[in-house]
Amino acid sequence: MIILVMMETWELIILIILLALGISPTILAVVDIRKGEFRGNDKLIWLLVVLFMSIFGAILYFLIGREQKINTKN
C-alpha cells in the first residue's frame, strides 16, 4: 500500500492498464469456454487450465482449445 501512495498519477494509470491487459485474455477465455459445447469433461479441464495458469492458460486455450469445441450449427 505504501508503494501505491508513493507513485505518480501516470504510473498508476500505466499500472492499471497493464493489469487490465493481463487479466482480459483470461476473462475472454472463461466466457468463451462457458458459452461453448465440449465433449465429456473438456469444458471443466479447460476452465481449470485457464484459471490456474492465467494468461498462459488463456493463450493455450485460444491456440488449442477452441478447436475442441463441438460445432452445433446444422
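Our structure is the block above this text.
Residues numbered from 1 in each chain as written. Predicted model: local features only at pLDDT ≥ 70, side-chain atom pairs only at ≥ 80, totals over all residues. Heavy atoms only, no water.

Engineer: What's the story with the overall build of the protein chain in this structure? I'm lost.
Structural biologist: Along the protein chain, the regular secondary structure elements total 3 helices and 0 strands. Each helix and strand of the protein chain, ordered N terminal to C terminal, gives the series α-α-α. Among the 74 residues that make up the protein chain, the fraction classed as buried is 18%. Counting only contacts in the protein chain whose residues sit at least 6 apart along the sequence, the fraction spanning at least 24 positions is 49%. Carbon together with sulfur atoms contributes 70% to the accessible area of the protein chain, which is approximately 6,100 Å² in total. (Helix = DSSP H or I, 4+ residues; strand = E, 2+ residues; numbered from the N terminus. Buried < 20%, exposed > 50% of the residue type's maximum accessible area, 1.4 Å probe, protein only. Contact = heavy atoms within 4.5 Å. Areas by Shrake-Rupley, 256 points an atom, 1.4 Å probe, with all protein chains shown as cover.)

Engineer: Looking at this structure, I do not really get the packing of aromatic side chains. What am I missing?
Structural biologist: Here the distance between the centres and the angle between the planes together describe a pair of aromatic rings. Enumeration according to the criterion identifies 2 aromatic pairs in this entry. Geometrically, the ring pair formed by tryptophan 46 and tyrosine 61 is edge-to-face, given 5.6 Å between the ring centres and 70 degrees between the ring planes. On the basis of relative accessibility, which here comes to 10%, the residue tryptophan 46 falls in the buried class. A connected cluster of aromatic rings, assembled from ring pairs, spans Trp46, Tyr61 and Phe62. (Phe/Tyr/Trp six-rings, centres within 6.5 Å; stacked < 30°, edge-to-face > 60°.)

Engineer: What am I meant to see in the nonpolar core here?
Structural biologist: Inside soluble globular proteins, nonpolar side chains tend to come together where they are buried. In terms of nonpolar packing, the biggest core is built from 8 residues, these being Ala29, Ile33, Phe38, Trp46, Leu47, Val50, Ala58 and Tyr61. Sorting the residues of this core by element identifies α2 (9-35) and α3 (42-63) as the ones contributing at least two each. Per element, the largest residue contribution to this core is 5 residues, and it comes from α3. If we ignore the near neighbours within four places in the chain, the residues touching tyrosine 61 are Ala29, Asp32, Ile33, Phe38, Trp46, Val50, Arg66 and Lys69. (Core = buried A, V, L, I, M, F, W, Y, C linked by side-chain atoms within 4.5 Å.)

Engineer: Help me understand unusual backbone geometry in this model?
Structural biologist: Across the chain, the bulk of peptide bonds are trans and the bulk of non-glycine residues have phi less than zero. Positive phi values are uncommon outside glycine, yet serine 54 reaches one of about 50 degrees. The class for serine 54 is partly exposed, based on a relative accessible area of 36%.

Engineer: Can you walk me through the packing of α2 against α3 in this structure?
Structural biologist: Two measures define how a pair of helices packs: the angle their axes make with one another and the distance between the axes. Relative to each other, α2 and α3 sit at 150 degrees, their axes nearing to 8 Å. Here α2 is positioned roughly antiparallel relative to α3, judged by the angle of their axes. Like other packed secondary-structure pairs, α2 and α3 cross with a definite hand, here right-handed. Across the interface between the two elements, Gly22, Pro25, Thr26, Leu28, Ala29, Val30, Asp32, Ile33 and Arg34 from α2 touch Lys43, Trp46, Leu47, Val50, Leu51, Ser54, Ile55, Ala58, Tyr61 and Phe62 from α3. Tallied by class, the residues present in the contact of α2 with α3 amount to 13 nonpolar, 3 polar and 3 charged. (Axes fitted to C-alpha atoms, helices over the stretch in contact; angles between N-to-C directions. Parallel < 35°, antiparallel > 145°, perpendicular 65-115°, else oblique. Left-handed = near helix turned anticlockwise from the far one by under 90°. Nonpolar A, V, L, I, M, F, W, Y, C, P; charged D, E, K, R; others polar.)

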